[in-house]
Amino acid sequence: AWGCETSDNFSECVLLDVSMGTSQSLKDFKGNTDVFYSLVCGALIFFMQCGFAMLCAGSVRAKNVKNIMLKNILDACGGAIGFFTIGYALAYGTGGSFVGTSSGEYLLNSFSEGGDYIGWFFQFTFAATAATIVAGTVAERCKMAAYLCYSIMLTAFVYPVVVHAIWNGDGFLSAFADADDLMYGVGMIDFAGSGVVHMTGGATALVAAIVLGPRRGRFYDDDGNPLPEAVSFPPHSVALQVLGTFILWVGWYGFNPGSTLGISPDGYADVAGLCAVTTTLSAACGCVASMFLDTIIGLIKTGEAEYDLSMAMNGCLGGLVGITANCSVVTPWAACVIGIASGFVYYLSSGLLVMLKIDDAVDAIPVHFFCGIWGCLATGLFAEPNRTDIAYGASKFGLFYHINDGKANAELLLVEVIGVGCIIGWVVAVMLPFFIILRMLGMFRVDSFEEDIGLDQSHHKGAAYNLGGDVTKDEPEAEPVEEESESESEPEDEESAKPEEEKAWHQKIFNA
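So, how was this worked out
- Residues numbered from 1 in each chain as written.
- Predicted model: local features only at pLDDT ≥ 70, side-chain atom pairs only at ≥ 80, totals over all residues.
- Heavy atoms only, no water.
- Helix = DSSP H or I, 4+ residues; strand = E, 2+ residues; numbered from the N terminus.
- Buried < 20%, exposed > 50% of the residue type's maximum accessible area, 1.4 Å probe, protein only.
- Contact = heavy atoms within 4.5 Å.
- Areas by Shrake-Rupley, 256 points an atom, 1.4 Å probe, with all protein chains shown as cover.
- Polar contact = N/O pair within 3.5 Å; in protein donor to acceptor, adjacent residues only side chain to side chain.
- Axes fitted to C-alpha atoms, helices over the stretch in contact; angles between N-to-C directions.
- Parallel < 35°, antiparallel > 145°, perpendicular 65-115°, else oblique.
- Left-handed = near helix turned anticlockwise from the far one by under 90°.
- Nonpolar A, V, L, I, M, F, W, Y, C, P; charged D, E, K, R; others polar.
- 1 Å grid on protein atoms, 1.4 Å probe; cavity = no way out; pocket = protein on both sides within 12 Å on 5 of 7 lines; lining within 4 Å.
- Points joined across faces, edges and corners; volume = space filled by probe spheres on them.
- Core = buried A, V, L, I, M, F, W, Y, C linked by side-chain atoms within 4.5 Å.
- Expected span 1.5 Å × (residues − 1).

Let's talk about the overall build of the chain
Per the secondary structure count, the chain includes 17 helices and zero strands. Residues counted as buried form 49% of the 512 residues belonging to the chain. For the chain, long-range pairs separated by at least 24 residues make up 75% of all intrachain contacts whose partners lie at least 6 apart in sequence. Surface accessibility of the chain: about 24400 Å² in total, with carbon and sulfur atoms responsible for 62%.

Have a look at this one:
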């Protein structure tokens, strides 16, 4: 058809054919590379479920470890079911500024290629992260059935609406919308989900904690009278807490750099590299800022310098949440400032919850909700012009850079404030009546007796740790011993009775 039958242009045809084949092979290779990149980053994000499980398990008392571990597993399972059936279609379906209106995404009916499937998997890991935030907050007092209902509700309906509004090009807050549809000409910049993921989960946790009420003995005595000071329940394993914190930090390198959704297009590697750096710096600065702020305040109050491990861990996580929205659009020095401020936000909001008598067993609300708010607002302040243009093609950037140019343009900051308000309003409007209905039906909170003995014993066939040295059912019963006379049963002297008394005392200490 191209005249390749003649010898004059045969070589040109061969070169054209080779060129076309090479071009297609290169295109396929890039597509496969992007799929693999998203697979690795998605796996890192899903690995964060292990981090949440370890952190929660270490933070609760030993009598509730099985319960909190099972809830973390159910987060992933309920999240997968909810996001597969309904959630993904509502979030990423085309058409509609509120939710997607197309039908091909339900049950992944229209999917046939690896890029489509990996897109669902990657977004599912975000949905599961939003769901698992609540697990620690309601630990030690929430019923299992209520928790599974909540996980499905969040991932199937509440979270997808937020995703569609901000991350779908048809959403009314989206920074990926057509130029004429951008709110204030820019849209809400939330690169990896300080608002979409962490605020949504954190706001849900706040509503759940208020409706559910505090753990017994935390703020009130058995008669319901307020205690002079809040009672702290020490974590049963600091080692698990630290392990969970480090796993979450590692997982964040899939969360933030992976949000480029690819690595082969021009400029994507630059954005991913910047995200890795800003994520690291913000986490480190948040950790140090929170811990030393607590140390300085303690030194002023008591005259003694003490270093609180929980402040360091949660300050680190707060720094990670704070940088998530803006990791692709801020400079490294700004990431340090954002991290320091995140540490302060965590410290102050944690104290605020105690003052308001809102019980959060793992301080998930200060870390995810309040630091998530700060992350969105920080985007409107620190988004640097060149980096914002590379990541979003936006001509409007952070307020501080506009002021530096002699213009007080706060449109990006205003959009971020509107976005924060919309997320809070939506979550409260849906989840508050949802949790109230669960409480009215008696499905939300365990009874006081079950809470006192621990949910592992009352709901999960026994404690997580067998430290009592009890005789198991498989061991044969001891043969009865004939009664001895009083003179025979008495020890020969006081010294011979001592070892038995010491053994009994040691056993009591071990059991305790």
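Once the structure has been displayed, the description carries forward.
Thoughts on the side chain of D359
Tracing the backbone through its elements, the reader meets D359 in the loop between α9 (332-355) and α10 (364-382). Separated by 3.2 Å, the side chains of D359 and R218 make a polar contact. Apart from the residues lying within four places of it in its own chain, the contact partners of D359 are T137, R141, A209, P214, R215, R218 and F219.

Focus: the packing of helix α7 (residues 268-302) against α9
At their nearest, the axes of α7 and α9 sit 7 Å apart, and the two run at 40° to each other. What the angle tells us is that α7 and α9 run oblique. Regarding α7 and α9, the two cross each other, and that crossing is right-handed. In contact with V277, T278, L281, S282, C285, G286, A289, S290, L293, D294 and I297 of α7, α9 contributes P332, A335, C336, I338, G339, I340, G343, F344, Y346 and Y347. Residues belonging to the contact of α7 with α9 are distributed by class as follows: 14 nonpolar, six polar and one charged.

A closer look at unusual backbone geometry
The backbone of L108 shows a phi angle near 60°, a positive value even though the residue is not glycine. If you check the backbone angles, E140 has positive phi at about 75° while not being a glycine. The residue E140 is located in the loop between α3 (114-137) and α4 (144-167) in this model. When its relative accessible area of 1% is taken as the criterion, E140 is described as buried.

Description of the layout of surface pockets
Put simply, the largest pocket is a space of about 870 Å³. Along the wall of the largest pocket there are 30 residues; nearest its centre are R218, S232, S310, S350 and D363. Residue composition of the lining of the largest pocket, by class: 16 nonpolar, seven polar and seven charged.

Examining the nonpolar core
Grouped together as the largest cluster of nonpolar side chains are 119 residues, with contacts concentrated most on Y150, Y159, I166, W167, F435 and F444. Contact partners of Y150, with chain neighbours within four places excluded, come to D75, A130, A131, V134, T204, M431, F434 and F435.

Topic: helix α6 (residues 238-255)
If you check α6, its first and last C-alpha atoms are 25 Å apart, about what 18 residues at 1.5 Å a residue would give, namely 26 Å. Along α6, the residues classified as buried are Q241, G244, T245, I247, L248, W249, G251, W252, G254 and F255.

Brief notes about empty space enclosed by the protein
What the rule picks out here adds up to two cavities of 30 Å³ or more. One number sums up the size of the largest cavity: a volume of about 100 Å³. Lining the largest cavity are 14 residues, with F52, L55, V362, A364 and H368 positioned closest to its centre. Among the elements of the structure, α1 (10-59), α3, α8 (309-324) and α10 are those that each provide at least two residues to the lining of the largest cavity. A class-by-class count of the residues in the lining of the largest cavity yields nine nonpolar, four polar and one charged. Put simply, the second largest cavity is a space of about 40 Å³.

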